[in-house]
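Residue-level structure breakdown
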Amino acid sequence: MKKSHFLGGLAGGLLGLCLSCTQSPVIGEITLTDHWTIHRAGEEQTATPATVPSTVLGALCEAGIISEPFFGKNLESIPKARFDTAWWYRTTFDLPRLDVENEHVQLFLDGVNYRANVWLNGRQILSADTAFGAFRQFDCDITSVATGSRNALAVEVIPPAPGSFYMGFVDWAPAPPDRNMGLFRPVRIRRSGKASIRHPFVTAQLNTHTLREAGLLIAAELTNHGKETKLLTLEARTEDIRVEDRLTVNAGETVPVRLSPDRFEELLIREPRLWWPNGLGSPELYTLHLSLKDGNTLLDTLSVRFGIRSVETYLNEQGARGYKINGRNVLIKGAGWVDDLFLRNDTRYNRAQIRYVKEMNLNALRFEGFWGTSREIYDLCDENGILLMAGWSCQWEWPDYLGLPLEVAEEDLNKPINEGVDKYGVKPTPAEEDLLVAMFRDQVRWLRNHPSIFVWAVGSDAMPGPALEKRYRACLEACDSGRSLLVSAGAFTSELSGPVGMKMNGPYEYVPPVYWYEDRKLGGAFGFNTETGPGPQIPPIGSLRKMIPPEALWPPQNDIWDFHSGRKDFNSVGVYLHALNERYGQPENIEELAMKAQWLNYESIRPMFEAFVVNRPVATGVIQWQLNSAWPEFYWQLYDWYLMPSGAFFGTKKACRPVNIIYNYHDRKVYVANDTRGDLERCTARIALYDSRSELVYVREHHLSVKENTSVALETLPPFPRKEGIRFLELTLRDAQNPPVDNFYWLSGKEDRMDWEQYYWYYTPQKEYADLKALNSLPQAAISALKRLSVENGEWVVEIDLNNTGRHIAFCMELLLVDASDEPVLPVYWDDNYVSLPGGARRKLTARCSRTDVAGPPSVLIRGVNIPALKR
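Residues numbered from 1 in each chain as written. Predicted model: local features only at pLDDT ≥ 70, side-chain atom pairs only at ≥ 80, totals over all residues. Heavy atoms only, no water.

1. Description of the side chain of Thr223
What counts is decided by this rule: A run of H or I in DSSP counts as a helix once it spans at least four residues, and a run of E counts as a strand once it spans at least two, with each numbered from the N terminus. Within 3.5 Å is the distance limit for a polar contact, defined as a pair of N or O atoms, with the added protein rule that one can donate a hydrogen and the other accept it, and that residues adjacent in sequence qualify only through two side-chain atoms. By definition in these notes, contact holds between two residues if any of their heavy atoms fall within 4.5 Å.
Considering the arrangement of structural elements, one finds Thr223 in strand β16 (residues 213-224). Of the polar contacts made by the side chain of Thr223, one reaches the side chain of Thr254; its length is 2.8 Å. Apart from residues lying up to four places away in sequence, Thr223 is in contact with Lys194, Ala195, Ser196, Glu253 and Thr254.

See the structure below:
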């Protein structure tokens, strides 16, 4: 059956079939989701059941035709030649009570990769000559072709050719063999009377000085599909506000309509509920309902969800770009999103990931590429207060990603990204510029009602030329003048608009904690770093066993490990493993490697975010590269493709808390940071240092207050006596308004030293490494654990009371929620993990998981380097 939707928001699913009265036309929308088949051109006998949205390869995997494509090197065995020709998508649908004399029926294709010939009931309604471009959106009037039942829809999808602009995975993952060809976004049928509403748009003009009033501006397009001039009435409602306007629309004409407080004082809202980013307040949402009538006859309805908030951009004193939400400077703490390699993201997967983002205390995502197989992921960001930087990918900026030749001179292999792409990047032809502008227009119109989107990016590694930038700006002025245009994520200066104010100098490979504080030239904590991070994040042992065949698990750095790394310069985890061995000692088996990897993941990601927090306002934003992975791999992920959080997840969660107490690895000072919308009063900070035998060697308390959106230094820690050995630093912060805050560091007397004289475009190497090998011989700690189980909102709630009954620190304990077979339950939502407890300390941790994801009550496994394994 097809999906039908009742009247609802454009941002959350549109409309539904309804009959407003016996004499009115049917108004509503159906999304053609189920009962599709696909087959390769000329192979009708091999037709396979499918759903839409789907890529061809995604559909074949879901149908079981291809199994375990991501295990080992199975992906390499999928023949690319199968996808060098067209594939057909076919379905049928009904239109009950169809009355073509009084109705208008429109077909919408929200996303086709790459070209499409479309037939309905044997008549061609779209041609691949004009229906092409992965991010174009197509629609056509099918009123005269449609029938009441058994409408036969056939879509011939032609794959992208070399040089085509489509979604891609750059050097993050292997290219999918089908190049994501297919109907990757919804196919919809919309019914109305002989006039309809299109492209509704709501913006708010907020008084950012008081935050106590906002004016709503409502825009839309009205089309008269009939043969006579109509006097139409458009009604707009949101909560207790109702306004209407009357317009005369000639036959076949489309007219814009704009409702504003200038004409309708009801659209001036007092004490509006504001949309705030995560950590700063609630992301409040409204719903606007539009209805269109001809006299008393209802012709069309639409609903759209929106938020009231303002977005401003500025350059700080150092020339770095920053952003304000509702008049307040906001430090962007984000990560780079990527869809599944076969674009198979479903609701469960999307919801889990955005919940992860929120629980990590991140407030932003970068969509390098207009990701999402529907608007659902944007809806979820709206609902959870996650800001979005949405725009084009560097997939189109480098010839080799488009299947074109790229020959870089040897002397240019180590050029910074902006210099390399300026010399070797793709230069669009006039026809390609036309396509880019059309795709940009379609995406902006499709997504502009989402309050989560704070900027549109039309360049990543590169910057469009002046003529193309001018066209992009004209497009945005016409479609969404309230948001700014970012012409590049890198350090460029536009002839038209001046300095971009961003930087994209890496690193993308492992660097030690001190890098983020010490560096003042490249990717360190200053300015707005639009993609950066400490390189790979090897996942926990459970995920390793799911992705790597047993015979290839150990030793690492074989061809299968490399296959599950990145591409090009990132085709190995060699730099990461060398750092792990130098810091923590060489592991003897895969289990030890997986454990130490979580230490390294945690230790390397936390200071990146914390350094940007401490260095405000010189630092304005940081985007960890990346949030997630398109498939099971080792690179650039805070949790893996299986939704397993790693040490990097919890290091990020710790670093990005709105209130924090932080150690600076460079100046050795302790800072208190306040990223809330209010001052912190009467705080007590405690600093405690322990040696490797868990003896307390230093303790201090400070009493302080901290203004909002600032950080303050407390003191400089005493030096190590002999520049050797390890110490543990326990920081705690208490105040009257917030729960207690803690942070725990493991520090080496031998410090990391960067080799600043060497330069690689993707990282800075080290001269010396911190020595933390003493962690391997810590005294055994004594831990007891008490578990409590309950059920809340369809989830298991598991509470674990940890008690260190001895005198030695229990270091970096990993807690796993498992099923009856001791397999991890995923997704899982821990409030903290990889925790360390000094002797005599207690800690309560809480985990949640859906009851549908585990048969029976889950158990908890507790593991650590100096505790016996426990199961509760």
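2. Looking at the pattern of salt bridges
For clarity, the cut-off: When a carboxyl oxygen of Asp or Glu is within 4 Å of a side-chain nitrogen of Lys or Arg, the pair counts as a salt bridge. Categorising residues by exposure relies on relative accessible area from a 1.4 Å probe, with only protein chains included: less than 20% of the type maximum marks a residue as buried, more than 50% marks it as exposed, and the intermediate range marks it as partly exposed.
Going through the model one piece at a time under the given rule, you end up with 65 salt bridges. Here Glu531 ties to Arg366 by a salt bridge, and the two come within 2.7 Å at their closest N and O atoms. Within this pair, whereas Glu531 is found in strand β33 (residues 527-532), its partner Arg366 is found in strand β27 (residues 364-368), the two being separated by 165 residues in sequence. For the pair Glu531 and Arg366, one class covers both residues: buried. Across the salt bridge formed by Glu591 and Arg545, the nearest N and O atoms sit 2.5 Å from each other. In this pair, Glu591 is assigned in helix α11 (residues 590-614) and Arg545 in helix α8 (residues 541-547), connecting sequence segments 46 residues apart. Taking the relative accessible area as the measure of exposure, Arg545 reaches 45% and is therefore partly exposed. Each member of the salt-bridge network shares a partner with another, and the members are Glu235, Arg237, Arg242, Glu244 and Arg246.

3. Describing helix α3 (residues 376-384)
Among the nine residues that make up α3, seven are buried, leaving the element largely enclosed by the rest of the structure. Within α3, the full set of buried residues consists of Ile377, Tyr378, Asp379, Leu380, Cys381, Asp382 and Asn384.

4. Remarks on the environment of Tyr515
By the element assignment, Tyr515 lies in helix α7 (residues 514-518). In sequence terms Tyr515 and Val697 are 182 residues apart; their C-alpha atoms lie 27 Å from each other. Excluding its chain neighbours within four sequence positions, the residues that come into contact with Tyr515 are Pro507, Leu522, Gly523, Gly524, Met754, Trp756 and Thr764.

5. A few points about the packing of aromatic side chains
This is how the line gets drawn: Two aromatic rings, drawn from Phe, Tyr or Trp (for Trp, its six-membered ring), form a pair once their centres lie within 6.5 Å of each other, and the interplanar angle then sorts them: stacked below 30 degrees, edge-to-face above 60, tilted otherwise. Should the NZ of a Lys or the CZ of an Arg lie within 6 Å of a ring centre and within 35 degrees of the ring normal, that charge is described as sitting over the ring.
Scanning the entire structure with this criterion turns up 56 aromatic pairs. Centre to centre, the rings of Trp88 and Trp119 are 5.5 Å apart; their planes meet at 35°, and the pair counts as tilted. A residue pair is termed long-range when its members are at least 10 positions apart, and Trp88 in strand β7 (residues 87-93) and Trp119 in strand β9 (residues 115-120) qualify at 31 residues. For Trp88, a relative accessible area of 14% translates into the label buried. Centroid distance Phe135 to Phe184: 6.1 Å. Interplanar angle 75°. Geometry classified as edge-to-face. On the criterion of sequence distance, the pair formed by Phe135 in the loop between β10 (123-126) and β11 (138-141) and Phe184 in the loop between β13 (182-183) and β14 (187-192) is long-range, its members being 49 residues apart. Phe184 carries the same exposure label as Phe135, and that label is buried. Among the aromatic residues, those joined into a cluster by ring pairs are Phe135, Phe165, Phe184, Phe370, Trp392, Trp396, Phe440, Trp456 and Tyr472. Taking the ring centre of Phe108 as reference, the NZ or CZ of Arg188 above it sits at 4.6 Å. The ring of Tyr829 carries the charged tip of Arg355 above its face, separated from the ring centre by 3.6 Å.

6. Topic: the confidence of the model for the chain
One rule of thumb: low pLDDT means the predicted coordinates there are not for detailed reading. This is how the line gets drawn: By definition, pLDDT measures how confident the predictor is in each residue, and it falls between 0 and 100.
Residues with a pLDDT of 70 or more make up 97% of the chain, whose mean pLDDT is 95. Confidence drops under a pLDDT of 50 for residues 1-22, and excluding neighbours within four residues, the segment shows 71 contacts in the predicted structure.

7. Quick notes on the side chain of Arg583
By secondary structure assignment, the location of Arg583 is in helix α10 (residues 574-584). For Arg583, a relative accessible area of 1% puts it in the buried group. A polar atom in the side chain of Arg583 sits 3.4 Å from the side chain of Tyr510. Once residues lying within four places of it in the same chain are set aside, the contact partners of Arg583 are Tyr510, Pro512, Pro513, Leu600, Glu603, Asp752, Tyr769, Ala770, Asp771, Leu772 and Lys773.

8. Notes on the sheet that holds strand β24 (residues 321-325)
As a reminder, the rule being used: In this description, strands pair whenever DSSP reports at least two bridges between them. Angles here are taken between N-to-C directions and fall from 0 to 180 degrees, while the axes themselves are lines fitted to C-alpha atoms, restricted in helices to the stretch in contact.
As summarised here, the arrangement of the three strands in space is β23-β24-β25, forming an open sheet in which the pairing is antiparallel. Each having just a single partner strand, β23 (311-315) and β25 (328-330) make up the two edges of the open sheet. Across the sheet, the mean angle separating the axes of adjacent strands is 40° when strand polarity is ignored. Relative to β25, β24 is paired through three bridges, and the arrangement is antiparallel. Within β25, the position partnered with Lys324 by the bridge is Asn329.

9. Focus: the packing of helix α2 (residues 347-359) against α3
For the record, the criterion: Helix crossings fall into two classes, left-handed where the near helix is turned counterclockwise from the far one by less than a right angle and right-handed where it is turned clockwise. Note on residue classes: Ala, Val, Leu, Ile, Met, Phe, Trp, Tyr, Cys and Pro are nonpolar, Asp, Glu, Lys and Arg are charged, and everything else, Gly too, is polar.
Running from amino to carboxyl end, α2 crosses α3 at an angle of 30°, the nearest separation of the two axes being 10 Å. Remark: the crossing between α2 and α3 carries right-handed chirality. Contacts between α2 and α3 pair Thr347, Asn350, Arg351, Ile354 and Lys358 from the former with Glu376, Ile377, Leu380, Cys381, Glu383 and Asn384 from the latter. A per-class count over the contact of α2 with α3 returns four nonpolar, three polar and four charged.

10. Observations concerning the sheet that holds strand β35 (residues 659-663)
The strand order across the open sheet built from three strands is β35-β36-β39, with neighbouring strands paired in antiparallel fashion. Only two strands of the sheet have a single neighbouring strand rather than two, namely β35 and β39 (710-716). Averaged over all neighbouring strand pairs, the angle between strand axes comes to 20°, with direction disregarded. The pairing of strand β36 (residues 669-674) with β39 spans six bridges and is antiparallel. From the neighbouring strand, Ala673 faces β39, where its bridge partner is Ser711.

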